[in-house]
Amino acid sequence: MSRNLSESPTHLASVFIAALWLLSSGSLSAMEFTTGVFLPVSINYDSNIQMTNTDEESVTFYNVNPRLTVLGSDGINTINFIGSVLFQRSSDEVISEDRKDPSLGLGWVRSFERGEFSLSTNYNKNSSRVTERRATGLIFNDGSVISRSYDAGIKYLISQKLNLSSGLNYQQTRFTGAGLNDFNSKTFNSKLDYLYSEKLTPFVQFSISRFENETNTVTNVFANNLLANNTNSSGKSISKNLLGGFTYTTSPQLFYSVAYGVNHISSVGNGWIGNASINYTIDEQSTLVGTVARNVAPSGLGGFLKTDNLVLNYVYDINQKNHVGADASWTITRDANNSDYKQLGANYTYDLNEDWGLRTYAQYRTLKASTNINADAYLIGVSLSFNNPNLF
C-alpha cells in the first residue's frame, strides 16, 4: 500500500474528531458535565497463559487500570469521553511481557424531534494473545493488536410504529508480534423496527462489509487455506448479511430477542447467521442474561471468520454489600481453524463502602483446536477498586 493510503487513517481521525468537536462546541457553555473516576488494582495468577499441552508455564500479573469518564449534556447534545490505561507487570517477561495498553473513546449524540444523530471514535490496544485466543482459537506470541474505529449513525422515527436506524463504520486493525495481517473494514448497516404491539417488535436488518488486507504476512497453514479460497488476489472480500427477527417482552422481568438470516461472502459463498438473547430478572436479588449467536467478522487471518458463541451471566445479590456471580462462554470457530474454546468463571464482591469494593474471582478455561492443541488452565485473582461515577 502506498504511503498516502497508509497515512489516510491518521488524517481521517483528525478530521473526524475536529468535526465532532465543532458540531457540538456551540452548546458547550450550556452543558452540565459529570466526571467519574475508577481505579481497580488487581493481582492475577494464570496457570498456563500460553495454553500449551505440555511444559505449562505459569505467570502472575500485577494490574492497575485507571479510568476516567466525562459526560456532558444540555438536553439536546450529549458528549461522552472515556479513557483508560492498563498498566500490567508480569512475573516473567520471557513468557508474557509487561504491558501499557491505552483505550480511548469520544462520542457525540444530537437529538432532534424524530430521532438522533451520532458520531464516535475509539482507539484500543490489547494483547493479541488474549484477543485472538477467543476470536480465532489460535495461540500467538505475546504481541499487540491496535484497533481504531470511526462511526456515524442516525435513528429516525418514520411513524409512531416504524423506526429506522442506519450507520457507517470504518475500522483499522494492526498487529505487532503476532504474525497476522493488518486489515481495514468498512461497514454499512440498516435496521427497520416495527412496533406491532407493546410486547412484540419485529425487525429486519441488512449490512454490507468490505474487508481489505493491508499486509500479507500470515504464514500459518490455516490462514493459507482460507486465503486459497479467495479468488481475489488483492486480499479484498465483501460480506453481506440479511437478518429478520423480533424482540418480545413477556413481562417487565423477562424479554428476549431472536433473529435468523443469511450471509454471503464473495470469497467463500453462502451461509446462515443468527442470534438469540434473553434477559431475565429472576427476583429482586438475581438476574440471568444469555446470548447465543453465529457471526461473521473480519480477522487477521486474511478474511472474514465464522464463529459460534454462547455467553451466560448470572448475578445474585446476597445483601446490599455481598454479591456473587457466575459466567460461562463457549466459542467455536468454523473456517480457518476448527477450534473449541470454553471458559467458566465465578466471583464474589464485597462493598467496603460507597466507593470501595473488594472482589475475588476464579476462572477455568479449555481450548481444543486442529493445531493439535488440547489444553486447559485456571486463573485466580483478587482486586481492590475505587469507583465513583459522579466524582465531579
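Before reading on, note that the structure itself is shown above.
Residues numbered from 1 in each chain as written. Predicted model: local features only at pLDDT ≥ 70, side-chain atom pairs only at ≥ 80, totals over all residues. Heavy atoms only, no water.

Undergrad: Help me understand the overall build of the chain in this model?
TA: In terms of helices and strands, the chain carries 3 helices and 19 strands. Across the 392 residues of the chain, 38% fall into the buried class. Partitioning the intrachain contacts of the chain with sequence separation of at least 6 by distance along the chain shows that 54% fall at a separation of at least 24. When the accessible surface of the chain is totalled, it reaches about 20,800 Å², and 58% of it is carbon and sulfur. (Helix = DSSP H or I, 4+ residues; strand = E, 2+ residues; numbered from the N terminus. Buried < 20%, exposed > 50% of the residue type's maximum accessible area, 1.4 Å probe, protein only. Contact = heavy atoms within 4.5 Å. Areas by Shrake-Rupley, 256 points an atom, 1.4 Å probe, with all protein chains shown as cover.)

Undergrad: I'm lost on a negative patch on the surface in this one. Help?
TA: Together, Asp55, Glu56, Glu57 and Asp376 make up a region of like negative charge exposed at the surface. Secondary-structure assignment places aspartate 376 in strand β19 (residues 373-388). Judged by its relative accessible area of 33%, aspartate 376 is partly exposed. (Patch = residues over 30% accessible without salt bridge, like charges linked within 9 Å, V, L, I, M, F, W, Y side chains within 5 Å. Salt bridge = Lys/Arg side-chain N within 4 Å of Asp/Glu carboxyl O. Lys, Arg positive; Asp, Glu negative; His and termini not counted. Charge placed at Lys NZ, Arg CZ, Asp CG, Glu CD.)

Undergrad: Could you clarify how one ought to interpret the packing of aromatic side chains in this entry?
TA: Considering all chains together, one arrives at 9 aromatic pairs under this definition. Ring centres of phenylalanine 211 and phenylalanine 304 lie 5.8 Å apart, and the angle between their planes is 55°; this geometry places the pair in the tilted category. One end of the pair, phenylalanine 211, is in strand β10 (residues 200-213); the other, phenylalanine 304, is in strand β15 (residues 303-317), and 93 residues separate them in sequence. Against the face of phenylalanine 38 rests arginine 67, its NZ or CZ located 4.2 Å from the ring centre. (Phe/Tyr/Trp six-rings, centres within 6.5 Å; stacked < 30°, edge-to-face > 60°. Lys NZ or Arg CZ within 6 Å of the ring centre and 35° of its normal.)

Undergrad: Explain the side chain of arginine 294 here, please?
TA: By the secondary structure assignment, arginine 294 is in strand β14 (residues 286-299). In this structure arginine 294 comes out as buried when scored by relative accessible area, which is 12%. Side chain to side chain, arginine 294 and aspartate 308 meet in a polar contact 2.7 Å long. Excluding anything up to four places from it in sequence, arginine 294 contacts Trp272, Ile273, Gly274, Lys306, Thr307, Asp308 and Arg334. (Polar contact = N/O pair within 3.5 Å; in protein donor to acceptor, adjacent residues only side chain to side chain.)

Undergrad: Looking at this structure, I do not really get the pairing of strand β9 (residues 183-194). What am I missing?
TA: Regular strands show a simple pattern: their side chains alternate between the two faces of the sheet. The pairing of strand β8 (residues 162-176) with β9 spans 12 bridges and is antiparallel. The residue of β9 that forms the bridge with glutamine 172 is asparagine 184. With 11 bridges connecting them, β9 and β10 associate as antiparallel partners. Note on β10: the bridge partner recorded for phenylalanine 183 is asparagine 213. (Pairing = 2+ DSSP bridges.)

Undergrad: Sorry, what's going on with the pattern of salt bridges here?
TA: Side-chain pairs of opposite charge can arise whenever the charged atoms involved come near each other. All chains considered together, the criterion is met by 9 salt bridges. For the salt bridge of arginine 99 with glutamate 97, the shortest nitrogen-to-oxygen distance reads 3.5 Å. Look at arginine 99 and you get buried, because its relative accessible area is 7%. Residues joined in a network through salt bridges with shared partners are Glu97, Arg99 and Asp101.

Undergrad: Please clarify how the environment of glycine 302 should be interpreted in this entry.
TA: If you trace the backbone, glycine 302 turns up in the loop between β14 and β15. Between the C-alpha atom of glycine 302 and that of aspartate 182, which follows or precedes it by 120 residues, the distance is 8.5 Å.

Undergrad: In this structure, what is going on with the nonpolar core? I would like to understand it.
TA: What tends to happen in soluble globular proteins is that the nonpolar side chains get buried as a cluster. The biggest cluster of nonpolar side chains holds 14 residues, and the ones touching the most others in it are Phe175, Leu180, Val296 and Phe304. Counting residues in each nonpolar core, the second largest holds 7 residues, with Met51, Tyr341, Ala369 and Ile373 among its members. (Core = buried A, V, L, I, M, F, W, Y, C linked by side-chain atoms within 4.5 Å.)

Undergrad: What am I meant to see in a nonpolar patch on the surface here?
TA: A cluster of nonpolar residues, Phe112, Phe117, Ile154, Tyr156, Ile158, Leu168, Phe188, Leu192, Val204, Phe206, Leu242 and Val262, forms a patch on the protein surface that exposes about 980 Å² of accessible area. Tracing the backbone through its elements, the reader meets phenylalanine 112 in strand β5 (residues 99-112).

Undergrad: What am I meant to see in unusual backbone geometry here?
TA: Glycine aside, the phi torsion of most residues is negative, and most peptide linkages are trans. Despite not being glycine, methionine 51 has its phi angle at roughly 50°, a positive value. Along the polypeptide, methionine 51 turns up in the loop between β1 (32-46) and β2 (59-64). Residue class for methionine 51 comes out buried when judged on its relative accessible area of 1%.

Undergrad: How should the pairing of strand β3 (residues 67-73) be read in this particular structure?
TA: In the sheet, β1 pairs with β3 via 7 bridges, with the strands oriented antiparallel. Following the sheet pairing, threonine 34 is matched in β3 by leucine 71. One ladder, built from 7 bridges, connects β3 with strand β4 (residues 77-90); its direction is antiparallel. Looking at β4, one finds that leucine 71 is bridged to asparagine 80. If you look at the hairpin formed by β3 and β4, you'll find 3 residues sitting between the two strands, and glycine 75 has a positive phi there, around 95°.

Undergrad: So what exactly am I meant to see when it comes to the environment of glutamine 172 here?
TA: Looking at the element boundaries, glutamine 172 is found in strand β8. Put simply, glutamine 172 and tyrosine 150 are 22 residues apart on the chain and 9.2 Å apart in space, counted from C-alpha to C-alpha.

Undergrad: Can you help me understand the environment of serine 251 in this one?
TA: Along the chain, serine 251 turns up in strand β11 (residues 236-251). For the pair serine 251 and threonine 281, spaced 30 residues apart in sequence, the C-alpha to C-alpha distance is 9.8 Å.

Undergrad: It is not clear to me how the side chain of serine 149 should be interpreted in this structure. Could you clarify?
TA: When you line up the elements, serine 149 lands in strand β7 (residues 144-157). With sequence-adjacent residues up to four places away left out, serine 149 is seen in contact with Ser120, Thr121, Asn122, Asn169, Tyr170 and Gln171.

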